[in-house]
Structures are given as structure tokens and as C-alpha cells.
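# Chains, contacts and geometry: an overview
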Amino acid sequence: MQERKVCCVIMERKQELDNIRWITVVLVMVYHVIYIFNSQGVLSNFPVQGIKRMDIFLYLVYPWFMVLLFVVAGVSAKYALKTRSAKAFAKDRFLRLLIPSVVIMFLLGWICGLVSNYYSDIFNGNHDKLPGIIRYVIYSFCGIGPLWFARELFLASMVLLLVRKLDRKDRLSNLCGNIKWWGFIILYLSFWGSSFLLNTPYIEVYRNGIYINSFLMGYYIFSNESIVEKLRKIKKILVPVSCVCAVGYCVYICTMIEPQATDNIFTTVNYTSMSVLRHPFTNLYAFLMILTVFSVAKDWLAFRGAFAAFMTKANFGYYALHYPCLCVVAFVSYEKLHLPIWSCYLVNLIGMLLLTTILYMVLSRIPVLKSLTLGIYERRVKKDVSESRSESKV
């Protein structure tokens, strides 16, 4: 009976986390609908210039939404490691993150590669000289798309296990649990500083430093109820401050970086470049957004319902499957139907959602594929009385 009560408490506490996760995934999907036709010089599968003013949404979400996913994943890891061993956690991350990221890349990634090759010769004139299997592999690697997140999250999880092993007495948790208000300044400085660390050259999406740091912050900081309560008390301050910061950040991107732009206030600056992502203002905006989301989570984001339950279950599937579906819909709408660019945004959004939903429903019903592509496995619950007792104290 006590174990059942503990389980209910954990599920109650995780409801807002589940909602933050799937809402952020929806933001990622909307982001990609606009991103593929971006006018800012950011590399995509479609070198097609869209409506410049639509890009303001990209500015608003790019600095913080993926960082937020890592923070939420870190909080979830805190709860997960209360009910399973480090070995079981590592195995779970391998099966649910790493394996699907590889399988989906080879199952669907070639679609994005074909689209990329349609607009630019990725083989440099050697297409017919290469064996079909080699072309398929190259196409697949060109279609990694948002699957990088699963691999980066797996890496962050392994780093966490290493930190836990080195900190056997869990001193970090005790230290972070007693953080004062001035400690958030140190957190911001560490957040900003991590943006300079372990970034891969050329493929700048793998920002190892800030993503691993965000994951660890989620595990050690934002999983602490007392810290979340502190943020909750000042949400009426954080919300308007974050809104002002968001407006200021857009103005900064639009006018301060490339003031020589004359056609309109929007520029051709690459908002994903390291010079932008390492800027203190960019990191301040991202950090404030994370604080704001957690400050309002319990009051605004702890809702339940059939749709929320479905998205909680399907959020990884939608995240992993949507981009190849979007590439198909975008190619048909723009190249085959020759729709006006303004209508492509709406058609691509609706078509992507429909095609992704159909694909998810199909894959989730095929026993082997649902495990290999979506990480869906039949759970085997092992009861551990000692761990349950320790959880009841949280």
C-alpha cells in the first residue's frame, strides 16, 4: 500500500514535466515548419527563401527550447534513478534513445538526403559512380535532422552516471539543495560559460557543454522542490521580465548584428552561429526562460486530459518522426503543387501533423519496429521496498 502511495506521489509531481516536454516538442515541430524556408542563411534541406517576418518565431524559441528539454530530462532522470539502478538506467537510455536515433536515421533519413540532393549535388558529380548502398548511407546521414537530440541526451545521461559514481556521498545534491537567491547568478554564469565548451566544429548543433550542463542543472537544481517553490513565488516578476527580454532579444538580432540591412528590419544573420549563441544576452534570455517555465509549471502546466495523456506517451515519436514527414510535405507543396510560399507554411504544418500521426500509429502497432524506432518496450516493474521508503521522504 505504501509503495502504491509513493508511486502516485511521483506521478503527481511529474505531470507538469510531461506537459512541458510535449509542449516543447510541439514548438520544435512548428519551428521546423518555419526553419526549412528561413531567410536568415541557416542551412536547411530547402534553400528556399520564405517570408522574412515569419523568422521572428525562430529567434524567440531557438535560444532556449532545446536547452529546456535537457533540463526537463535531467529532472526526470532524478526521479528515474530513485526507482532503478545505474546499470538499468544506462540500459534504458541505450534502448530508448540511442537505438531509435540510429534506426530512424536509416529507416527514414534517406528522404531528407534525397531532398537535399535535389537542390544541391551532395555527391559533387559522382552520383552515378557510387554504388547504391553507398548513396543510401550518405542520404541517411544527411537525414539525421533532430535525432541529434537523442544522441546528445544519451551522452548527458552517461556523464551523469559518471558524476554520481565520483560523488558517492551525493554532496552535490546537498549543496545544490541549499542554494540561495544569489546562487542563481552563479548558475547563470555557469550556464553562459558552458556555451563555450565542447562545441563540435562545423556541426555546431552538438553544443555538448551547454546541453550537458543543462541536463545536470535539471538533475541537481530544478528537481529540488524548494528551489521550484522559490521560483514559483516570483513568477509574477519572471513572466513580464522574460517577455521584455524576448522582445529585446529579437530587436538585438534584427537590428544590432547587421545594421547595414536596408530592405527591412530583418537581417540575414545566422542566429544559430556560435557568435550569437555565446553572447551573454542570448544566454541570459535562455536562462530566464527556463526559470520562468519552472516558475509557472505547477500553476499553469500541471493539467490533465486525454490529449495531454496521448502527447505524453507519443512525444518522442512525434519528435523523432516529424522531420522526414515535413520534408515530404514541403517538397510536394512547393515543388510539385507550386503553392505560394505563404500557403506552404500552413499546408506544411497540417500535412506534417497528419503524416507524422499516421506514421506513429503504424509504427507503434508493429511489435519489433515500435521498440527499435520509438523505444516502446513492455515495462517490467520490480518492487524495491527500501527504495520506496526513501522516495516517500521526498
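Residues numbered from 1 in each chain as written. Predicted model: local features only at pLDDT ≥ 70, side-chain atom pairs only at ≥ 80, totals over all residues. Heavy atoms only, no water.

The helix and strand inventory of the protein stands at 17 helices and 0 strands. Restricting the contact set of the protein to residue pairs at least 6 apart, pairs at least 24 apart contribute 79%. (Helix = DSSP H or I, 4+ residues; strand = E, 2+ residues; numbered from the N terminus. Contact = heavy atoms within 4.5 Å.)

Once that is clear, we can look at a nonpolar patch on the surface. On the surface, W110, L114, I133, I134 and Y136 cluster together to form a nonpolar patch covering roughly 430 Å² of accessible area. Those elements giving two or more residues to the nonpolar patch turn out to be α4 (86-119) and α5 (132-142). Broken down by element, the nonpolar patch gets its largest block of residues, 3 residues, from α5. Locating I133 in the fold gives a position in helix α5. Assessed through its relative accessible area of 55%, I133 is described here as exposed. (Patch = residues over 30% accessible without salt bridge, like charges linked within 9 Å, V, L, I, M, F, W, Y side chains within 5 Å. Areas by Shrake-Rupley, 256 points an atom, 1.4 Å probe, with all protein chains shown as cover. Salt bridge = Lys/Arg side-chain N within 4 Å of Asp/Glu carboxyl O. Buried < 20%, exposed > 50% of the residue type's maximum accessible area, 1.4 Å probe, protein only.)

Looking at the element boundaries, E16 is found in helix α1 (residues 2-35). Salt bridges are absent for the buried E16, whose nearest opposite-charge side chain, K298, sits at 4.8 Å. (Lys, Arg positive; Asp, Glu negative; His and termini not counted.)

By size, the foremost hydrophobic cluster in this structure holds 111 residues, and its most contacted members are F46, M66, F222 and F294. With 13 residues, helix α3 (residues 65-80) is the largest single contributor of residues to this core. If sequence neighbours within four positions are ignored, M66 has contacts with V28, W148, F149, Y211 and Y319. (Core = buried A, V, L, I, M, F, W, Y, C linked by side-chain atoms within 4.5 Å.)

Here the focus is the environment of V48. Relative to the elements of secondary structure, V48 occurs in the loop between α1 and α2 (56-61). Spatially, the C-alpha atoms of V48 and N38 are 7.5 Å apart, while their sequence positions differ by 10 residues. With residues near it in sequence (within four places) discarded, V48 still touches I36, F37, N38, Y119, Y334 and I341.

This part covers the state of the cysteines. Inspection of the entire model under this criterion finds 0 disulfides. Free of any disulfide, C112 has its nearest cysteine sulfur in C327, 3.6 Å distant. Residue classification places C112 among the buried residues on the basis of a relative accessible area of 0%. (Disulfide = S-S within 2.5 Å.)

Mapped onto the elements, N19 comes out in helix α1. A polar side-chain atom of N19 sits 2.9 Å from a polar atom in the side chain of W22. Beyond its immediate stretch of four places on either side in the chain, N19 contacts L301, A302, F303, A308 and T312. (Polar contact = N/O pair within 3.5 Å; in protein donor to acceptor, adjacent residues only side chain to side chain.)

All told, the structure shown has 39 aromatic pairs when counted by the stated rule. The interplanar angle of 50° and the centroid separation of 5.8 Å between the aromatic rings of F37 and Y334 together place this pair among those described as tilted. Taken as a pair, F37 in the loop between α1 and α2 and Y334 in helix α14 (residues 306-336) lie far apart in primary sequence, 297 residues in all. Judged by its relative accessible area of 0%, F37 falls in the buried class. Judged by centre distance (6.3 Å) and plane angle (15°), the ring pair of Y188 and W192 falls under stacked. One end of the pair, Y188, and the other, W192, are both in helix α8 (residues 183-194), 4 residues apart, so they sit about a helical turn from each other. With a relative accessible area of 15%, Y188 lands in the buried category. Look at W192 and you get partly exposed, because its relative accessible area is 27%. Within the aromatic cluster, the residues linked to one another by ring pairs are F37, F46, Y118, Y119, F331, Y334 and Y345. Taking the ring centre of Y219 as reference, the NZ or CZ of K78 above it sits at 4.6 Å. (Phe/Tyr/Trp six-rings, centres within 6.5 Å; stacked < 30°, edge-to-face > 60°. Lys NZ or Arg CZ within 6 Å of the ring centre and 35° of its normal.)

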